[in-house]
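# Chain and residue survey
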Amino acid sequence: MALTLTCPICGKRNGYEFRYGGEDKGSRPDEKGLSPADWCDYVHMNTCTAGVQKEWWFHRDGCGAWFSTYRNTLSNLEVDRPEDST
Amino acid sequence: MKRLRQFPTLHIDTNETRSLKYRGKSLQGFAGDTVATALYANGIRIFSRSLKYHRPRGLYNLDGESSNTCMEVDGVPNVRTENTLLKDGMVVKAQNVKGSVDHDLMAFIDKLDWLMPAGFYYKTMHKPAAVWPVAMKAIRKAAGVGTISADYKVKGRYDEIFLTADVCVIGGGAAGMMAALTAAESGVRVIVLESRPHLGGCWDYRTGAYKENKPLFARARELAGQVENTSNIRVFKQTSMVGAYNNNLITAFQVGKSNDAFTERYVEIRSKSVVVATGCIERPLIFENNERPGVMQVACAHRLARSYGLLPGEAAVFSIGHDLGLEAALDLFDLGLKIRCVADIREDGHDAGLLAALAERKIPVLKGWVAAKAHGCKQVTKVTLATLDGTVKRHIPCDLLVASAGHTPVNGPLILAQTNIAYDNHSGFFLPKKLPEKMFSAGWMTGRSHPQAIEASGQVAGLKALAAIGVTDKTAVFAAEKEAAALPGIDRGCKLVTAPVKGRKSFICFDEDTTIKNIKQAIDMGFDVPELIKRFTSAGTGPGQGGIPGHNLPLFVSKYTASASKPMPTAVRPPLVPTLLATYAGAHHHMFKRTPLHASQKKGGGIFRNIGVWQRARYFSSDFDCKDEILNVRNNVGLLDSSTLGKFRIFGPDALKALQRLYVSDMSKLKQGRIKYSAMCNDDGCVIDDGIVIKRGDNDYYVTTSSGRAGNTVEWFRYHTRYDGWQYHMVNLTDAMGVINISGPNARKVLKKIADADISNNAFPFAGYREFTVKNTIPVRAMRLGFVGELSFELHVPSSYMQSVWDMLMAAGAEFNIKNFGLEAQNVLRMEKGHIILGQESEQRTNLLDLGLGFLWDRKKTAAKTVGAVALRQAENDPGRFKLVGIRMQDDARAPRDGALIVDTHVRGYVATARKSFTTGEAVGMALVESQLSKPGSRLEIYEDECNEIRLQARVVPMPFYDPDGQRMKM
């Protein structure tokens, strides 16, 4: 509940206002030649990073934007950038 | 008991009396009294009986740090009476008492302590296993604190408030107030939290000198006045901080005053920086019978006199270890308390002025002495004092023993914020090693006690808090720090833990009746870490949250184990102070949306149910089978309020791409003037929504969703197109538009009378979409649907016009005897047609193919990457899936309940919806069954909870049950 997130439209807001949208896994794969296992991995598998990960959030009680941001899953705080680029 | 009156420090108003009921008697207190002080003023000395041994317990401290004074107040158990202001008419009861609190029939247990060594209940009463349930009942009856009735409903109003601040100051003592004032000078928003009903901290009642001719209490009032009059400082009194989280999120709860709109409220503060100035509490002195009524802490005795006008006793002995004890002895002597003797643990380091003043009053001071035992079985009558080594003893009669070993900082807020704290040898305090980001501590808790040093530390903390958020620069901080460094620094603290005693009746934790002997037993059994000893002996696990043993336990363990490493405190967790669950639960508003027709639906006899976020009319008759409503639609004409339907406008250059992604059908084939029924799946192919899509123009679409999905639709569309950067817009029109459904063979005749357009079957055929006006004014979007299986128009009308259109239809239909119908009637009507409602004919695992809606899916539009298409392709050949089938009961008089199981030796499916159909006279329904059972003619056995093992018989039949060719809706 201590989480705050920075919406690209509304700015830094209380974490209560947002809905988590999962890890950033890249855009939907092409259906052509897609094996069932690959599809399943795309939809259901997560890396569950212990550290900074890029992830999607939805500003449910605000502007209604989906945006991606970085969060440190160990401290549950939003961070500016991924760890290796600091 | 006579009150001392007319002090400037008093917090009671002796002109305003308050009465309370205790043990059948009405007692008087004053406005400003706490329940505990009012009882004390009325001569009550024993407040409760202890958890295990039923020992008498009395007033020991005034901040609710032990369960001694927890009582039942107005039916609520475990109320901390020291923190609860007296209200007129309160009914107070003592807890854990068999008989009366003065003559407890269970008091003999105190003599049986040898039967109950540390952890005895872990070792006994579990062999054989059957013993435990019996023993548990007996123990729970004999031990414990308050009891509550299972039917008890908490009274009062509970609220919550969410605040933001630039600086949040926890603690309204001198340092906290200085920090707040310093920060507020820059114009930032400051919040001060104070757990007592007034600001001032320990200066509030102290008469020691702040400066010449200015006592500390006068300075405290001066500061409090400044704080209260500063417009950018918001002060929350009677507000206890209970939690600290990431990002400096502080939680607290506030007790309402009599004129507040809340009884208690949850306070959550998001602060840019935080100053913790929670000060110190006293570290209890441990000796034999150290919790006997009549033994109390220094501040307790001093505050009783100075804040509540109560001399705590007649003749007192002091056993203390710090100058505040000397100061209190002096002040209480001047107020009329006889002081037999002051035993000070310290050999040296006293304030010379205080010693001289005590000598002037001929009060004997014994240096290097300590109380070893309190005598008297219900109240102190005599004290044994001893030298620290225990070799010389003296017995002194008295009725009050003021005892305190030293002080201990209230570190809870810092620890909750993940601060590592370490033992400091000089002060004897646990002090922070490194403070968290944007959190600063100030005041007494940093080890300082000199008044100017306290204020200076508050100032420094205030400036640091500002610098941390970029309001001032570091130079101001450095200057203030330099000034503060010139003032007296951290005091040397008294380190004594226990008097020279064996410790059989020396209590380290009052709440849990844990003695020094218990701790020794635990250590001798091999527990060497305070955290483990705490759990094994339960010391510090009571309602006082470690207030009494929090500091002494690690000190004693370190001493007894002769450990070379420094004492380690036990963990602190939120909530720091016991909080009512009702406060966390909050107001619990019942919030539901109402349709634009709510009032007229109600007037029309609607019986409402809460469905999702809406209140909807489910029945229009006391007959919940809705026979009349159903037959009226089948044979005549009925009106339904469907305003809860989700309604959206989707437009923009990429709107079609979005529709292609989300809907399973090919939306490029949409034609204007026609409706398209389609469905949305999730990535597993499971159906999440169905509805109508209408093309109103180029790149401009109007779609409906089911009522329950309306709130998530925008999120769902945007989520699945979040990587694509498509240009399209969505407008949620759910609340802006209402929907009226007019159904039945006479529907056209009624609508024709008010519509400004030709609505004949030729001009407006089935599955058509038209926009026209009513009375040349009201814009209506009309579609011809067949959900209920009759000639039916669905009219989408701006909400503000809904009532008008409804009234016009009612008037136009009067000659046909038009009637309302509700949700239940609609439910049966559509079931007879085999039309599904998502959530009723489907659950989370049900995919598009299971429902027989595979025809909606266009498998050629792979480029659209339609959500669910990949999974559907994989599910196509899966034989292990459920299928939606029609069922007919063998006994037409007995339809199973929705959700009844279909079984043989295993569960094979379940009934989705089943009703007695008044139209066909059959008991029919829809069920999800394993695909092997889905062929027409398959026999099904249905199990219900109350069926007494007699299963209902049914068989699979083709759907729909009514008008299979769909002629009636195309009329």
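Residues numbered from 1 in each chain as written. Chains lettered and ligands numbered in written order. Predicted model: local features only at pLDDT ≥ 70, side-chain atom pairs only at ≥ 80, totals over all residues. Heavy atoms only, no water.

## A look at the overall build of chain B
Summing up its helical and strand segments, chain B has 23 helices and 49 strands in all. A compact globule built from 971 residues should have a C-alpha radius of gyration of about 30 Å, whereas chain B, at 38 Å, is more than 25% larger. Counting all 971 residues of chain B, 58% fall into the buried class. Considering only intrachain contacts with a sequence separation of at least 6, the fraction spanning at least 24 residues in chain B is 65%. Accessible surface, chain B as shown: approximately 40400 Å² in total, 52% of it carbon and sulfur. Positive and negative side-chain charges in chain B, numbering 125 and 98 respectively, have mean positions lying 1 Å apart. (Helix = DSSP H or I, 4+ residues; strand = E, 2+ residues; numbered from the N terminus. Rg over C-alpha atoms; globule rule 2.2 N^0.38 Å. Buried < 20%, exposed > 50% of the residue type's maximum accessible area, 1.4 Å probe, protein only. Contact = heavy atoms within 4.5 Å. Areas by Shrake-Rupley, 256 points an atom, 1.4 Å probe, with all protein chains shown as cover. Lys, Arg positive; Asp, Glu negative; His and termini not counted. Charge placed at Lys NZ, Arg CZ, Asp CG, Glu CD.)

## Some points on the side chain of B:Thr384
All names here are of chain B. On the secondary structure map, Thr384 appears in strand S22 (residues 382-387). For Thr384, a relative accessible area of 5% puts it in the buried group. Only 2.9 Å separates the side chain of Thr384 from the side chain of His395, close enough to count as a polar contact. (Polar contact = N/O pair within 3.5 Å; in protein donor to acceptor, adjacent residues only side chain to side chain.)

## Here's the deal with the nonpolar core
All names here are of chain B. Leu20, Tyr22, Leu39, Val92 and Phe318 are the most contacted members of the largest nonpolar core, which totals 53 residues. If near-sequence neighbours (up to four positions away) are discounted, Phe318 is found in contact with Gly325, Ala328, Ala329, Leu332, Leu337, Ile339, Cys341, Val342, Ala343 and Val402. Met177, Leu223, Val275 and Ala461 belong to the second largest nonpolar core, which has 38 residues in total. (Core = buried A, V, L, I, M, F, W, Y, C linked by side-chain atoms within 4.5 Å.)

## A look at the packing of helix H18 (residues 655-662) of chain B against helix H19 (residues 713-720) of chain B
Residue and element names in this part refer to chain B. At a closest axis distance of 10 Å, the pairing of H18 and H19 adopts a crossing angle of 95°. Relative to H19, the element H18 is oriented roughly perpendicular. Touching Ala658, Leu659, Arg661 and Leu662 of H18 are Trp716, Phe717 and His720, all from H19. Among the residues making up the contact of H18 with H19, the classes are represented as five nonpolar, one polar and one charged. (Axes fitted to C-alpha atoms, helices over the stretch in contact; angles between N-to-C directions. Parallel < 35°, antiparallel > 145°, perpendicular 65-115°, else oblique. Nonpolar A, V, L, I, M, F, W, Y, C, P; charged D, E, K, R; others polar.)

## Considering the interface of chain A and chain B
Quite often, the size of an interface is put as the accessible area lost when its parts meet. Taken together, the contact between chain A and chain B spans 29 residues of the former and 29 residues of the latter. A combined buried area of about 2400 Å² lies between chain A and chain B, and 52% of that area is made up of carbon and sulfur atoms. On the chain A side of the contact with chain B, A:Arg28, A:Glu31 and A:Trp66 bury the most area, a combined 31% of that side's loss. Linking chain A to chain B there are four salt bridges. (Buried area = accessible area lost by both parts, 1.4 Å probe. Salt bridge = Lys/Arg side-chain N within 4 Å of Asp/Glu carboxyl O.)

## Describing a nonpolar patch on the surface
The grouping of A:Met1, A:Tyr16, B:Phe162 and B:Tyr245 at the surface amounts to a nonpolar patch, some 380 Å² of accessible area in total. As for its position among the elements, B:Tyr245 is in strand S13 (residues 239-245). Taking relative accessible area as the criterion, B:Tyr245 reaches 33% and is therefore assigned partly exposed. (Patch = residues over 30% accessible without salt bridge, like charges linked within 9 Å, V, L, I, M, F, W, Y side chains within 5 Å.)

## Some remarks on the sheet that holds strand S21 (residues 369-375) of chain B
Residues and elements named next belong to chain B. Spatial ordering of the open sheet is given by S21-S22-S23, a layout of three strands whose pairing is antiparallel. At either end of the open sheet lies a strand with only one pairing partner, and these are S21 and strand S23 (393-397). Direction aside, the axes of adjacent strands within the sheet are offset by 25° on average. Judged from the five bridges that link them, S22 and S23 form a sheet pairing that is antiparallel. Bridge pairing links Lys382 to Pro397 in S23. (Pairing = 2+ DSSP bridges.)

## As for unusual backbone geometry
Residue and element names in this part refer to chain B. The residue after Pro574, namely Pro575, is reached through a cis peptide bond having omega -5°. Take Pro575: it is sitting in the loop between helix H14 (552-560) and helix H15 (581-585). Residue Pro960 is reached from Met959 by a cis peptide bond, and omega for that bond is -10°. Position of Pro960 relative to the elements: it lies in the segment after strand S49 (952-957). With a phi angle near 55°, Asn96 is a residue other than glycine that sits in the positive phi range. One can find Asn96 in the loop between strand S7 (90-93) and helix H2 (120-123). Unlike most non-glycine residues, Gln418 shows phi in positive territory, near 70°. With respect to the helices and strands, Gln418 occurs in the loop between helix H9 (412-416) and strand S26 (420-423).

## Focus: the sheet that holds S7(B)
Residue and element names in this part refer to chain B. Strand order in the open sheet formed by five strands is S2-S1-S7-S5-S6, and the pairing between neighbours is mixed. A single partner strand is all that each edge strand has here, and the edge strands are strand S2 (25-31) and strand S6 (76-80). Geometrically, the sheet is characterised by an average inter-axis angle of 45° between neighbouring strands, direction not taken into account.

## A short note on the pattern of salt bridges
As a working rule, side chains carrying opposite charge can pair if their charged atoms are close by. Residue and element names in this part refer to chain B. Inspection of every chain in the model, using the stated rule, returns 61 salt bridges over all chains. For the salt bridge of Arg894 with Glu944, the shortest nitrogen-to-oxygen distance reads 2.8 Å. A residue pair is termed long-range when its members are at least 10 positions apart, and Arg894 in the loop between strand S44 (882-889) and strand S45 (901-903) and Glu944 in the loop between strand S48 (939-943) and S49 qualify at 50 residues. Look at Arg894 and you get partly exposed, because its relative accessible area is 31%. Salt bridges here are not isolated pairs; linked through shared partners, they connect Arg55, Arg57, Asp110, Asp113, Glu291, Arg504, Lys505 and Asp513.

## Focus on the packing of aromatic side chains
Taken as a whole and judged by the stated rule, the model has 18 aromatic pairs over all chains. Ring plane angle 80° and centroid distance 5.2 Å describe the contact between A:Trp56 and B:Tyr723, whose orientation is recorded as edge-to-face. Residue A:Trp56 is located in strand S4 (residues 52-58), and its partner B:Tyr723 is located in the loop between H19 and strand S38 (729-732); the two belong to separate chains. B:Tyr723 gets classed as partly exposed once you look at its relative accessible area, which sits at 26%. Judged by centre distance (3.9 Å) and plane angle (10°), the rings of B:Tyr619 and B:Phe624 are stacked. By the ring-pair criterion, three or more aromatic residues cluster together here, those being A:Tyr16, B:Phe162, B:Tyr266 and B:Tyr584. (Phe/Tyr/Trp six-rings, centres within 6.5 Å; stacked < 30°, edge-to-face > 60°.)

## Some words on helix H7 (residues 323-334) of chain B
Every α-helical turn comprises 3.6 residues, leaving residues that sit three or four positions apart pointing alike. All names here are of chain B. Counted at 1.5 Å a residue, the expected span for H7 with its 12 residues is 16 Å, and the 17 Å between its end C-alpha atoms agrees. Judged by how many residues are buried, H7 sits mostly within the fold: nine of 12 residues are covered. Of all the positions in H7, only Leu324, Gly325, Leu326, Glu327, Ala328, Ala329, Leu330, Asp331 and Leu332 are classed as buried. Along its buried surface, H7 packs onto helix H6 (298-308), strand S18 (315-320), strand S19 (338-344), helix H8 (352-360) and strand S25 (406-409). (Expected span 1.5 Å × (residues − 1).)

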